[in-house]
Amino acid sequence: MSALEASILKAVAHHDDDAMQSDSDAHLSDYVDVEELEARGIEYGEDEDAEEVMEEISEAELLELMEQEQDSLLTCRGLFKDPVNGPALDSLDLSSLFSSLSLSSSAHAQASNDIKPEHIRQLFDRGLAVMDGFVSADEVGAFQVAAEGLVQAGRLTMASMVRPDDDPFRARTVRGDEICWIHPGEAGALEPLVNRMLALQTLLAQAIHLQGSCEFQLAHYAANAKGYESHRDAFPTSDPDDPDQRRVTAICYLNPDWNHETQGGALRIHRRDLEQDISPIAGRVVIFMSGVVDHEVLSSSRPRYALTCWMR
C-alpha cells in the first residue's frame, strides 16, 4: 500500500467540482472496504453529484483494519526474495559486509561474532531481531561524544517543531526528542557508524528487496524528557517496487553503562507475541520490519542517544 493510498484512507476527503473533474476516476471506495467501515460505525458516502465525505480515522484505527485483513508480518514477507520459505542461511554471504566497513579491524572481528544470518531469519519469522556488539564500547563512546557535540552546537531540532514535509510519516506531538538528519558523506565523526549501517543494508539486501535509499536520523532525549508514544514507522506493504514505504528500521544505541530498569529509556515492543522492553545499551542494534512492529520509547532519567536508519 502506498503512502498516498494510506493518506487518502486517513484523511477527511472533500473534493470540489474542479477536483472531481480533474480526477473523476478516483474515489475512496477504490481504497477502502466500505462495508467494513460501516460495520465499525464509520460513515461513508459517495455520490457522483455530491461532495464525497469520509469520517477521519486515526493511523492506529487504519492499521487495525489492515491487520484484520491480514497480519502485517505476512504482508511484509512479500518483500523477501523468497516470501514463502524465507532466507536460506547458507546462501547469505557476510564477506561483502565486512569488506566494506570503515571501522577498525578489531571492530570487524567483534561484529563478525555478532551479526549472523540468523538475524535475517528472525526478521522473516518474527519481524524483529536484536544484535549486540554492533560496534565496540570504545567506538560507541566516540560516537556519543560526536552526538553530544551536535547537541551543544545547536544542530538538533525538537521533533515536534520539525516541518511535516521533513518527516511525513510521523505525528508532531507524540515525542519529546530532538533530532537531526544525517547524510552519508557529511556525517563527520559519525561517518564510520553511517558506513557500517550502510554495509548492514548491503547484507539485508541479499534477502530482502531494498531499493538502496536510506534515511539517517540522530535522536537525543534529554533527561526526563517525554518519550515517544507507540507508533509504527510505515504501513505494511508486500510490493517490492513500492518506493514510498520504509521497509526496514535499524536503530543503533549510543548509551554506555545503561540500565533501563533504573534509568528507563527502553524501546517497548507492542506487537503480539513479541511484547518486551529492549534496553538501549551501547553498541546494540535493533532491526525490525518497518510496517510490522509497533514500538514506543520510554522516558529516561539520563540523556539517551540513538542513530536510526530507515531502509526503503
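Please refer to the structure placed before this passage.
Residues numbered from 1 in each chain as written. Predicted model: local features only at pLDDT ≥ 70, side-chain atom pairs only at ≥ 80, totals over all residues. Heavy atoms only, no water.

### Some points on the pairing of strand β5 (residues 178-182)
Working step 1: Of all five residues that make up β5, four are buried, and the element is covered over most of its length.
Working step 2: Bridge analysis of strand β4 (residues 157-158) against β5 gives two bridges, and the strand direction is antiparallel. Bridged to Met 158 within β5 is Glu 178. (Buried < 20%, exposed > 50% of the residue type's maximum accessible area, 1.4 Å probe, protein only. Helix = DSSP H or I, 4+ residues; strand = E, 2+ residues; numbered from the N terminus. Pairing = 2+ DSSP bridges.)

### Remarks on the sheet that holds strand β7 (residues 228-231)
Working step 1: Spatially, β7-β12-β9-β10 is the arrangement adopted by the four strands of the open sheet, whose pairing is antiparallel. At either end of the open sheet lies a strand with only one pairing partner, and these are β7 and β10 (276-278). Adjacent strand axes in the sheet meet at a mean angle of 15° when their direction is disregarded.
Working step 2: Pairing geometry for strand β9 (residues 267-269) and β10, over three bridges, is antiparallel. (Axes fitted to C-alpha atoms, helices over the stretch in contact; angles between N-to-C directions.)

### With respect to the sheet that holds β5
Working step 1: On the basis of which strands lie adjacent, the open sheet formed by seven strands has the order β3-β11-β8-β13-β6-β5-β4 and antiparallel pairing. Looking along the sheet, the strands with just one partner apiece sit at the ends: β3 (128-131) and β4.
Working step 2: In the sheet, β3 pairs with strand β11 (residues 285-289) via four bridges, with the strands oriented antiparallel. Across the sheet, residue Val 130 finds its bridge partner in β11, namely Val 286.
Working step 3: Here helix α8 (residues 117-126) sits on the sheet and contacts β3 and β11; the angle it forms with β3, its principal contact strand, is near 150°.
Working step 4: The sheet contacts of helix α10 (residues 191-204) involve β3, β5, β6 (214-221), β8 (248-253), β11 and β13 (304-311), and relative to β13 the element is tilted by about 40°. (Contact = heavy atoms within 4.5 Å.)

### Structural notes on unusual backbone geometry
Working step 1: If you check the backbone angles, Asn 224 has positive phi at about 65° while not being a glycine.
Working step 2: Inspection of the secondary structure puts Asn 224 in the loop between β6 and β7.
Working step 3: With phi around 70°, Asp 273 is a residue other than glycine that occupies positive phi space.
Working step 4: Following the sequence through the fold, Asp 273 ends up in the loop between β9 and β10.

### Examining the pattern of salt bridges
Working step 1: On inspection of all chains with the given rule, the structure shows 11 salt bridges.
Working step 2: Taking the shortest distance from any N to any O, the salt bridge between Glu 215 and Arg 246 comes out at 3.0 Å. Residue Glu 215 is found in strand β6, and its partner Arg 246 is found in the loop between β7 and β8; the two are separated by 31 residues along the sequence. You'll find Glu 215 and Arg 246 in the same group, each marked buried.
Working step 3: The partner of Glu 215 in a salt bridge is Arg 312, with the nearest N and O atoms 3.0 Å apart. Here the residue Glu 215 occupies a position in strand β6, and Arg 312 occupies one in the segment after β13, the gap between them amounting to 97 residues. Arg 312 shares its class with Glu 215; the two are buried.
Working step 4: One salt-bridge network, held together by shared partners, links Glu 67, Arg 232 and Asp 294. (Salt bridge = Lys/Arg side-chain N within 4 Å of Asp/Glu carboxyl O.)

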